[in-house]
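Here are the chains, one letter per residue:
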Amino acid sequence: MAGSSFVLPKARPSGPPYFSRNQVAQALHQVAVLLELQGANVFRVRSYQNASRMLGGLTQDLGDLVESGELFGLKGIGKGLGSALSQAISEGIWPDDWISLHNDTPEGLIEMLGIPGLGPKRIKIMNQELGVDSIATLRQAAEDDSIAGLKGFGAKSQQRMLDGIELLARFRSRRRLDIGLKYGEAFEQRISQIPGVLKAQLAGSARRRKDTIGDLDIVVAVHDEDKEDVSKAILNLPGIADIKGAGDSKISLILDTSIFDESFSIGHIDPNVLDAIGGDDYEQLEAGGTIDAQVRLVSLEVFPFTLAYFTGSKEHNIAMRQRAIDRGLRLSEFGLIPEKDAGELKGMAAAQFSLSADDESEIYRHLELDWVTPELREDTGEINAAEQSLLPKLIVQSDIKGALHNHTTLSDGEASLEQMADAARKIGWNWLGIADHSPTLKVANGASAEDLLAQGELIKQYNSEWSNQGIDFRLFHGVESDILEGGKLDHPDDVLSQIDYTVASVHAMNKWKGRDEQSNTEELMRCIDHDATTILGHPTGRILQGRDGYEVDMYAIIDYMSDYNNDGVLKAVELNASPYRLDLDWRMCKYAKMKNVPVIINPDAHSIRGLGDIAYGVMAARKGWLESSDVLNSLSGLELTTLLE
Ligand code: DGT
Ligand code: CA
Ligand code: ZN
């Protein structure tokens, strides 16, 4: 499970200091909230809140402050609180009254604190007036419309609570790939640096680059004699909010944002996207978020087997295990063991008879297979392909020479045309396509036809300057046109004919989500029919962890685009690389490839930094079996010029 936690931070196994500054600040904040929930005196509540803020903002080491006695001299730390904190830091024990405060507060009330935008004061009122004592009873009360009537509440705040409950549930269950990878890579990095660690590698859905991640799995190789020390060191790493279990070879943890060296920031989010994932509440949820992690400690000989097992997917493992059985072998997280040797033995006892493997590829070789890259391990045909040496040569980021859906300050981008072009050149691209929003999308400052054409003149000017200087870089001029009623585009034909290409995208999500699959599919087809439409942008409109896309028959859409391409008319489908979208879904990429529909991976960048999202698009494209020849991004500027003519 992922989400946020509201428990007193666990002490490090060795100290002092037994708690980090962050943990102490967090504990004080929790005490303040719980006191407020109990209806305690406001001054008392505030004193804990202030102490939390003050300590959280310090730069000195807390252990030093305790030792020197300076802690007592800090503003807002009285005698009582000072000695309570000293004891906690030097002995690893929280004050009794804090522990009872946590224990005595009904779990349902604590659970409600996780709802974004809902604070202790309102929870207390709803508890007293309506007997609300859990998220479930809160939802019931809101659905019965009884909260709207409470003094100081109203229908709006009632709806906000319902939205908050939904948001929390979504956020807790899984995390987006970008976030999961951020935690996973930071954790892998920290573990790798521990003395005695021979190898540490992220496994699970993160290694398979799924678009969302349930929990992190990390496999660590250590010599047996170092196991205990390494395990202790892992439990002492920064960023551990709680320890769920710590055995000999398996550690179960909850990580929080203090795992990051720098303070956690999610950067610019397209307002349209932010709205779908909870607005300002989202940023707050993310900053206070957590993710679960499972660590396995194994010896070097077992490492490849454990890594392969915990990389999954479960379906891939099952197919692999069956393949092993067919060869008289038993495949497990501990080894690949001849059945005749293993007999009645189980687990590690059987593993002593395992065939050896220095790395994963040797396990695959034992089973007469080519090594399967983790992204493909979903049991969607990869084992057959590996058996026949027909696995695709997947696209890599260095194949990317440019992308066609990016914004500038002409609509809602943060960088100018010139800055975007410079940035693209700096990352080694050969070309860049600009597709600013069209007039209908007022919230995104859609550009008028006049402004669009003026942008085209500027692009021509830049292109001829580069060409004169012998610089092999060019800009393509496009537009991201809204798809209007009946599949129409947002500019007259004589305007569209003056630009290089059109990315046609749906933005009126309410309308499209309120309609049936057939109407939506047909309207998209009408839009694809338009001569100017080159690319279908974010084809389902989904926002991961935010909203489902509109209903549409993507197979029919791909088939329809396929006919055009087979007749020599370019109709490409976008794989929007924003980690909030990854739309086209990876599962559909393989179908587009099979049907000869080119894919264009587009970062949909609204800033220079946004160009970097191309990395997530490449991950999704790889997961979708795409090779460099399947995407327009691998063409040179010259080739693309010819294609778009
Ligand atoms: P997630 O965490 O929901 O995003 O997805 P995964 O794939 O990381 O799944 P997780 O964390 O439950 O387990 C990690 C890997 O361990 C999984 O991909 C395959 C392996 N595994 C877990 N349970 C089973 C099982 O019952 N059978 C088999 N064959 N493998 C399993
Ligand atoms: Ca996992
Ligand atoms: Zn768009």
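Below you will find a few notes about this structure. (Residues numbered from 1 in each chain as written. Chains lettered and ligands numbered in written order. Predicted model: local features only at pLDDT ≥ 70, side-chain atom pairs only at ≥ 80, totals over all residues. Heavy atoms only, no water.)

Once that is clear, we can look at a negative patch on the surface. Negative charge collects at one region of the surface, where Asp61, Asp64, Glu67 and Glu70 lie side by side. Mapped onto the secondary structure, Asp64 falls in helix α3 (residues 62-68). (Patch = residues over 30% accessible without salt bridge, like charges linked within 9 Å, V, L, I, M, F, W, Y side chains within 5 Å. Areas by Shrake-Rupley, 256 points an atom, 1.4 Å probe, with all protein chains shown as cover. Salt bridge = Lys/Arg side-chain N within 4 Å of Asp/Glu carboxyl O. Lys, Arg positive; Asp, Glu negative; His and termini not counted. Charge placed at Lys NZ, Arg CZ, Asp CG, Glu CD. Helix = DSSP H or I, 4+ residues; strand = E, 2+ residues; numbered from the N terminus.)

Ligand 1 sits among 16 residues. The nearest are Arg174, Ser205, Arg208, Gly214 and Asp215. The backbone of Gly214 places a nitrogen or oxygen atom 2.8 Å from an oxygen atom of ligand 1. In this structure, Asp217 approaches ligand 1 through a side-chain N or O atom, which is 3.2 Å from an oxygen atom. Burial of ligand 1 by the protein chains amounts to 71% of its free accessible area of 590 Å². For the shell around ligand 1, the secondary structure elements donating two or more residues are α11 (204-207), α15 (303-311) and α16 (314-325). Class assignment for the residues of the shell around ligand 1 results in three nonpolar, seven polar and six charged. In terms of domain composition, the shell around ligand 1 takes at least three residues from each of domain 2 (175-298) and domain 3 (304-387). (Near = heavy atom within 4 Å. Polar contact = N/O pair within 3.5 Å; in protein donor to acceptor, adjacent residues only side chain to side chain. Nonpolar A, V, L, I, M, F, W, Y, C, P; charged D, E, K, R; others polar. Domains from an automatic or database assignment.)

Right, let's get into the pattern of salt bridges. Summed over all chains, the structure comprises 25 salt bridges. The salt bridge involving Lys244 is made with Asp292; its shortest N-O contact spans 2.9 Å. Of the two residues, Lys244 is situated in strand β5 (residues 240-246) and Asp292 in strand β7 (residues 290-298); the sequence distance between them amounts to 48 residues. The class for Lys244 is exposed, based on a relative accessible area of 53%. (Buried < 20%, exposed > 50% of the residue type's maximum accessible area, 1.4 Å probe, protein only.)

Further remarks concern the pairing of strand β12 (residues 501-505). Of all five residues that make up β12, five are buried, and the element is covered over most of its length. When strand β11 (residues 474-482) meets β12, the two strands line up parallel, connected through five bridges. When the sheet's bridge partners are listed, Glu480 is paired in β12 with Val503. Pairing of β12 with strand β13 (residues 533-536) involves three bridges; the strand directions are parallel. The residue bridging Ala504 from the neighbouring strand is Leu536, located in β13. (Pairing = 2+ DSSP bridges.)

A word on helix α7 (residues 120-130). What α7 keeps buried is the set Pro120, Ile123 and Met126. Looking straight down α7, one finds its buried side chains confined to an arc of 125°; they lie on one side. Across from the buried face of α7, at angles greater than 90 degrees, the exposed residues are Lys121, Gln128 and Glu129. Positioned one or two residues after α7, Gly131 has a phi angle of 70°, which is positive. (Arc of directions from axis to C-beta.)

This part is about the side chain of Glu523. Here Glu523 lies in helix α25 (residues 517-529). If we skip the residues at most four places from it in the chain, Glu523 touches Leu484, Glu485, Gly486, Gly487, Lys511, Trp512 and Arg515. (Contact = heavy atoms within 4.5 Å.)

Let us now look at the sheet that holds strand β15 (residues 599-602). With respect to topology, six strands assemble into an open sheet ordered β10-β11-β12-β13-β14-β15, the strand pairing being parallel. Across the chains shown, the open sheet's two edge strands, defined by having one partner strand only, are β10 (431-437) and β15. Adjacent strand axes in the sheet meet at a mean angle of 35°, parallel and antiparallel pairs treated alike. (Axes fitted to C-alpha atoms, helices over the stretch in contact; angles between N-to-C directions.)

Turning our eyes to something else, we now look at the coordination of the zinc ion (ligand 3). Expected angles at a metal are 109.5 degrees for tetrahedral coordination by four donors and either 90 or 180 degrees for octahedral coordination by six donors. For the zinc ion (ligand 3), the full set of protein donor atoms is Glu480 (OE), His507 (NE2) and His538 (NE2), at a range of 2.1 to 2.4 Å. Counting the intervening residues between successive donors of the zinc ion (ligand 3) yields the motif E-x26-H-x30-H. Placement of the pair is Glu480 in strand β11 and His538 in the loop between β13 and α26 (554-566), with a sequence separation of 58 residues. Both residues of the pair, Glu480 and His538, belong to the buried class. (Donors = N, O, S within 2.8 Å, 3.2 Å for Na, K, Ca; no water.)

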